[in-house]
Number of protein chains: 2
Amino acid sequence: MADEKGLTKRADDFAAWYNELVLRAELADYSPVRGSMVIRPYGYGIWELMQRGLDDRFKATGHQNAYFPLLIPQSYLEREKQHIAGFAPEVAVVTHAGGKELEEPLVIRPTSETIIYAMFAKWVQSYRDLPILMNQWANVVRWELRTRLFLRTSEFLWQEGHTAHATEAEAEEEARRMLGVYREFMETEMAMPPLTGEKTESERFAGAVRTYACEALMQDNRGLQAGTSHNLGQNFSRQFEFRFQTEAGGEEYAWNTSWGVSTRLVGALVMTHGDDAGLVLPPALAPIQVVVVPIYRTEDERALVLEKAGTVANVLRQERVRVHIDDRDTLKPGPKFYEWERKGVPVRVEIGPRDVAAQKLTVVFRRDIIPEVPRKESMDEAVALMTIPRRLPEYQRALLEAAIARREEHSHRGVTEYGAFRDLIEAAAGFVYTGWCGSAECEAKVKEETKATIRLIPLEEFRSSDRPERCIACGSGAAEEVVWARAY
Amino acid sequence: MADEKGLTKRADDFAAWYNELVLRAELADYSPVRGSMVIRPYGYGIWELMQRGLDDRFKATGHQNAYFPLLIPQSYLEREKQHIAGFAPEVAVVTHAGGKELEEPLVIRPTSETIIYAMFAKWVQSYRDLPILMNQWANVVRWELRTRLFLRTSEFLWQEGHTAHATEAEAEEEARRMLGVYREFMETEMAMPPLTGEKTESERFAGAVRTYACEALMQDNRGLQAGTSHNLGQNFSRQFEFRFQTEAGGEEYAWNTSWGVSTRLVGALVMTHGDDAGLVLPPALAPIQVVVVPIYRTEDERALVLEKAGTVANVLRQERVRVHIDDRDTLKPGPKFYEWERKGVPVRVEIGPRDVAAQKLTVVFRRDIIPEVPRKESMDEAVALMTIPRRLPEYQRALLEAAIARREEHSHRGVTEYGAFRDLIEAAAGFVYTGWCGSAECEAKVKEETKATIRLIPLEEFRSSDRPERCIACGSGAAEEVVWARAY
């Protein structure tokens, strides 16, 4: 498995680097089914940690998990006109089952609004039954023509939150709350600082009144939509007769939201922190936070060093550090170092016979990123064991700070001249902030000419202090400030 | 939601009781898709606890999670001849996707041996890459004609373990180890004591060399297959060219196992412990272990009682008890009691103004099952808070002991006469142990005449001390002792 051949460099071919890294860090592999991938244990371990982090946050904000059917009657999908228009081109259809042709074809869920709100309608009679705050962890299928590991696959894993409220204001509050939950998760756990804001009409979820999104900047300066949260208004509740009795005794359609993130986040993590040697994992999402590599020649040395490795691992585990001892006899230390570097393990501890004799440990960070802490250091064992658990959160913070600095370095505000704007986009300069008149024509024109799209109308805190006055495309008065980028 | 109308009694119509309970305890609901159900939050909460309990055990025995595609090329399923014969009648087939007819139809996984061993073949070169110990949490689809909530649905959630080994002995050991893990989980967490044993050839998994199973006795004395573990030999590795270089330098096909349990376990839990008032949950799998119901008339009383409820909940939560305070203003205490009884919460704590004044709590168990502990008891608050966390494991044990006693009471050994055997089966008397000559003809004849099947050839510890000498059907020498029952 150890393969010492280096990866393509990011600067040479970012896309090739990404694919090689995903395959060689054993995060995922291609499957025999077009567009579907296999998530290997190391990649799935990262996803499990993401799930735990998200699920805890969903529960802390009052949501409960449930599970709805994979297969949805085609007629359900068709009830909400914009919804079917958005998803029809990419659904997979079951026409036969149990040896017979079905009377009505079933669609593999591309998302579950239709089936879920049909059930909510059955469960809710009055305002007393609201709000409903649910989430589902599930697989979905969207038949994509051009796929990339984690970023765009025909089947992917995700969570989809679905809620129902008695008032429009509550639904809007919920949609924004969950956007905030996503942002906080991405910053705290992924060390990835997204912008947050609203999508323009052309980029809205099919069937939503408003779509909010987290947009992160990858190292190649392309944007990546990392999570979305939708205020669905009453669009779906009208189609599924989802009504409730109000406190005043009247009847009203319920107000819905939905919100989701997917295994795409694993790809985002790779492209946010990875380097030319491979993956770089923030400790919060590292299945292995510390790998201990024993170094020995003789059997006696082996016993000595492995005993010490066991002690070191136990002490660290008591501090809730996830430790792995790489005791494989089939590989020498060098290839092991390469492998764990490629897999992005935050800390490596090397223990040889001389270290044991001197009560020392060699501690190596995956990346030279904490100010004033050397990448590699020989430390007294007792000091190392106290220091490592404390440095993991420092390393986590340092990764976030580096990512914020990179995002800001590649954010361009106050761009008012179309030629300059175009040059920045052509140069893959990152996020470009401009004014926009609000017309779909200007949006489409810029997209056609530059391949950049409006990623977001940023929320207040991301807006420029000097708000742009003119639309970058037509020069008329700006209705909004927007963020442009080429994107995944 | 509170509905004080009683359930059908188990003795009157067990099947009706089961369906009503599942719906009215809000474990699950019917969906608009034939044969698929919706798992509601309360039912899913039980499943999440089961997942946690199982996943911890899988990881403790060295397994890692991964994820493989939902859609499998039809040709893959067809490679293993017995496998396709077993599953062909119940697969759902995707013929169209992305607006086009597919060149090769894709099957929604009914189980994932084929796709997984195809991937293993790609990853394994030598004996050094073995064993592979993987598990997947996933949904599967098997098109069933007659479905029942949790017990038999067209789509269900499960885990499927898949392993590959260098030797036949290791694979056999693994298959038996996981059978033991299932049994221990069912006893410890579900308080459900299954028999374990081997399936006869006619009941074997399609493609397996040997199938082991956990078989539990439900309260209507029907057997329920609760988990299976298969030694697959080299059957799949031959079809998928899954070879490895042996230590001696030769080449051999790998040896595989697979094993799974599903959301069916939720149904098994209901039918093991439920009573005429509703669900009875063992504390280990109760999403709510203690429900606190405040009792008040005035606003002042409400404030007083809710404050106390908060204190009680906090103390219990520090002892890692899962507590819910039912502070709904829309329901009186009586309907709340009914609802939580129906939902099987192990302990109810009632707090009224007089309790607060006297520093007392009223503690009510869902069922009168711990020897020498009354079902309802007024206790000093301090005593109650120390006692409840200690009584939860006692209650758990008492439920297991009651289930073991019931299983033994309804197990009939030493049955040698076919008429007596038939009467026991007709009387729904439970597990009937007999001799069996080993012929498929005798097995089929008994099944046709009595609707009973051989549930298991029991493992050593479940065998009768006096081993039966004659086959119950033909009277010739018995090759095995077997356990018969009518089953789900």
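Residues numbered from 1 in each chain as written. Chains lettered and ligands numbered in written order. Predicted model: local features only at pLDDT ≥ 70, side-chain atom pairs only at ≥ 80, totals over all residues.

### Quick notes on the overall build of chain A
Rules: Helix and strand assignments come from DSSP, with helices taken as H or I runs of at least 4 residues and strands as E runs of at least 2, each series counted from the N terminus. In this description the radius of gyration comes from C-alpha coordinates, and the expected globular size is given by 2.2 Å times residues to the power 0.38. Buried, partly exposed and exposed are defined by the number of other C-beta atoms within 10 Å of a residue's own C-beta, namely 20 or more, between the two limits, and 12 or fewer respectively, with C-beta atoms placed from the backbone. Residues are defined as contacting one another if the C-beta atoms placed from their backbone atoms lie within 7 Å.
Looking only at helices and strands, one finds 14 helices and 23 strands in chain A. For 488 residues, the compact-globule formula gives about 23 Å, and the C-alpha radius of gyration of chain A, at 25 Å, lands near that figure. The principal-axis extent of the C-alpha atoms belonging to chain A is close to 80 × 60 × 45 Å. Looking at chain A residue by residue over its 488 residues, the buried ones come to 49%. Pairs at least 24 residues apart make up 69% of the contacts formed inside chain A by residues separated by at least 6 positions.

### Digging into helix 5 (residues 113-123) of chain B
The buried fraction of helix 5 of chain B is high, at eight of eleven residues. Every buried residue of helix 5 of chain B is accounted for by E113, T114, I115, I116, Y117, A118, M119 and F120 of chain B.

### With respect to the interface of chain A and chain B
Defined as follows: A pair of strands is considered paired only if DSSP assigns at least 2 bridges between the two.
Across the contact, 44 residues belong to chain A and 44 residues belong to chain B. Counting only elements with at least two residues in the side of chain A that touches chain B, the list comes to strand 2 (37-39), helix 2 (41-60), strand 3 (64-65), strand 4 (71-73), strand 5 (92-97), helix 5 (113-123), strand 7 (132-141) and strand 8 (155-165) of chain A. At six residues, strand 5 of chain A tops the list of elements feeding residues into the side of chain A that touches chain B. Bridge count between strand 5 of chain A and strand 5 (residues 92-97) of chain B: five bridges; the pairing is antiparallel. From the neighbouring strand, V93 of chain A faces strand 5 of chain B, where its bridge partner is H96 of chain B.

### Some details on the sheet that holds strand 19 (residues 376-380) of chain A
All names here are of chain A. Selection criterion: To obtain each axis, a line is fitted to C-alpha atoms, and for helices this fit is confined to the stretch in contact; angles are then taken between N-to-C directions over 0 to 180 degrees.
Taken in spatial order, the five strands make up an open sheet running 16-15-17-18-19, and their pairing is mixed. Sheet topology places strand 16 (323-325) and strand 19 at the edges, where each strand pairs with a single neighbour. With direction set aside, neighbouring strand axes in the sheet form an average angle of 25°. Note that strand 15 (residues 290-294) and strand 16 share three bridges and pair parallel. Counted as the bridge partner of V291 is H324 from strand 16.

### Some words on the confidence of the model for chain A
Heads up, the condition is: Residue-level confidence of the predictor is what pLDDT reports, using numbers from 0 through 100.
With 99% of its residues at a pLDDT of 70 or more, chain A shows a mean pLDDT of 96. Across the interfaces of the predicted complex, the ipTM metric reaches 0.96, alongside a pTM of 0.96.

### Section: the relation of the copies chain A and chain B
Definition in use: The fit set for superposing copies consists of C-alpha atoms from residues with pLDDT of at least 70 in both; the fit itself is least squares.
Note on the identical chains: chain A maps onto chain B by a rotation of 180° and an axial translation of 0.0 Å, with an RMSD of 0.0 Å. Put plainly, the chains are arranged around a two-fold axis. The C-alpha atom lying nearest the rotation axis in chain A is that of V94 of chain A; the distance is 2.1 Å. Both copies contact each other with a shared surface, as 100% of the interface residues of chain A are interface residues in chain B too.

### Looking at helix 13 (residues 418-426) of chain A
Residues and elements named next belong to chain A. Formally: Here the arc refers to the set of directions running from the helix axis out to each C-beta atom.
Buried residues of helix 13: F421, L424 and I425, and no others. Seen along its axis, helix 13 keeps its buried residues to an arc of 100°; they face one direction. Those residues of helix 13 that are exposed and aimed more than 90 degrees away from the buried face are G419 and E426. Just downstream of helix 13, A428 is the residue with a positive phi angle, here 50°.

### Regarding the pairing of strand 7 (residues 132-141) of chain B
Residue and element names in this part refer to chain B. Where strand 3 (residues 64-65) and strand 7 come together, two bridges link them in parallel fashion. Note that in strand 7 the partner of Q64 across the bridge is M134. In the sheet, strand 7 pairs with strand 8 (residues 155-165) via ten bridges, with the strands oriented antiparallel. Its bridge partner lying in strand 8, A138 is registered against W158.

### Some words on the packing of helix 2 of chain A against helix 8 (residues 264-273) of chain A
Residue and element names in this part refer to chain A. Put simply, the rule reads: Angles are sorted into four bins: roughly parallel if under 35 degrees, roughly antiparallel if over 145, roughly perpendicular if 65 to 115, and oblique for all others. Three classes are used, and their members are as follows: Ala, Val, Leu, Ile, Met, Phe, Trp, Tyr, Cys and Pro are nonpolar, Asp, Glu, Lys and Arg are charged, and the others, Gly among them, are polar.
At a closest axis distance of 10 Å, the pairing of helix 2 and helix 8 adopts a crossing angle of 105°. Classed by the angle they form, the pair helix 2 and helix 8 counts as roughly perpendicular. Each of G43, I46, W47 and M50 in helix 2 lies in contact with helix 8, whose residues at this interface are L265, V266 and L269. When its residues are assigned to classes, the contact of helix 2 with helix 8 shows six nonpolar, one polar and no charged.

### Quick notes on the sheet that holds strand 21 (residues 431-436) of chain B
All names here are of chain B. Spatial ordering of the open sheet is given by 3-7-8-14-11-10-9-22-23-21-20, a layout of eleven strands whose pairing is mixed. On the outer flanks of this sheet lie strand 3 and strand 20 (411-412), each paired with one strand and no other. In terms of strand pairing, strand 8 meets strand 14 (residues 255-262) through eight bridges, oriented antiparallel. Considered in strand 14, the bridge of T163 is made with T257. Docked against the sheet, helix 2 (residues 41-60) engages strand 7, strand 8 and strand 14, running at close to 0° with respect to strand 8.

### Topic: unusual backbone geometry
Outside of glycine, negative phi angles account for most residues, and trans bonds account for most peptide bonds. Residue and element names in this part refer to chain A. Residue P131 follows L130 across a cis peptide bond; omega there is -5°. Here P131 shows up in the loop between helix 5 and strand 7. Even without a glycine there, the phi angle at E241 is positive, about 50°. Mapped onto the fold, E241 is located in the loop between helix 7 (235-239) and strand 12 (243-245).

### Details of the pairing of strand 9 (residues 195-198) of chain A
Residue and element names in this part refer to chain A. Alternating positions in strand 9 separate into two faces, L195 and G197 on one and T196 and E198 on the other, with burial throughout. The pairing of strand 9 with strand 10 (residues 210-217) spans four bridges and is classified as antiparallel. Note on strand 10: the bridge partner recorded for T196 is C214. With two bridges connecting them, strand 9 and strand 22 (residues 453-458) associate as antiparallel partners.

### Re the environment of A403 of chain B
Residue and element names in this part refer to chain B. Along the polypeptide, A403 turns up in helix 12 (residues 381-409). Judged by the 23 C-beta atoms lying within 10 Å of it, A403 falls in the buried class. Distance in space between the C-alpha atoms of A403 and A216 is 9.8 Å, their sequence separation being 187 residues. Among all residues touching A403, those that are not within four sequence positions of it are A191, M192, P193 and T272.

### Regarding the domain arrangement of chain A
Put simply, the rule reads: Note: domain ranges come from an automatic or database domain assignment.
In terms of domains, chain A is made up of domain 1 (14-273), domain 2 (290-391) and domain 3 (411-485). Placing the centre of domain 2 of chain A and that of domain 3 of chain A at their C-alpha centroids yields a distance of 49 Å.

### Some thoughts on the environment of A303 of chain A
One can find A303 of chain A in helix 9 (residues 299-318). When the C-alpha positions of A303 of chain A and F58 of chain A are compared, they lie 46 Å apart, and in sequence the two are 245 residues distant.

### Digging into the environment of E247 of chain B
Topologically, E247 of chain B is positioned in the loop between strand 12 (243-245) and strand 13 (251-253). Sequence-wise, E247 of chain B and S126 of chain B are 121 residues apart; in three dimensions their C-alpha atoms are separated by 7.9 Å.

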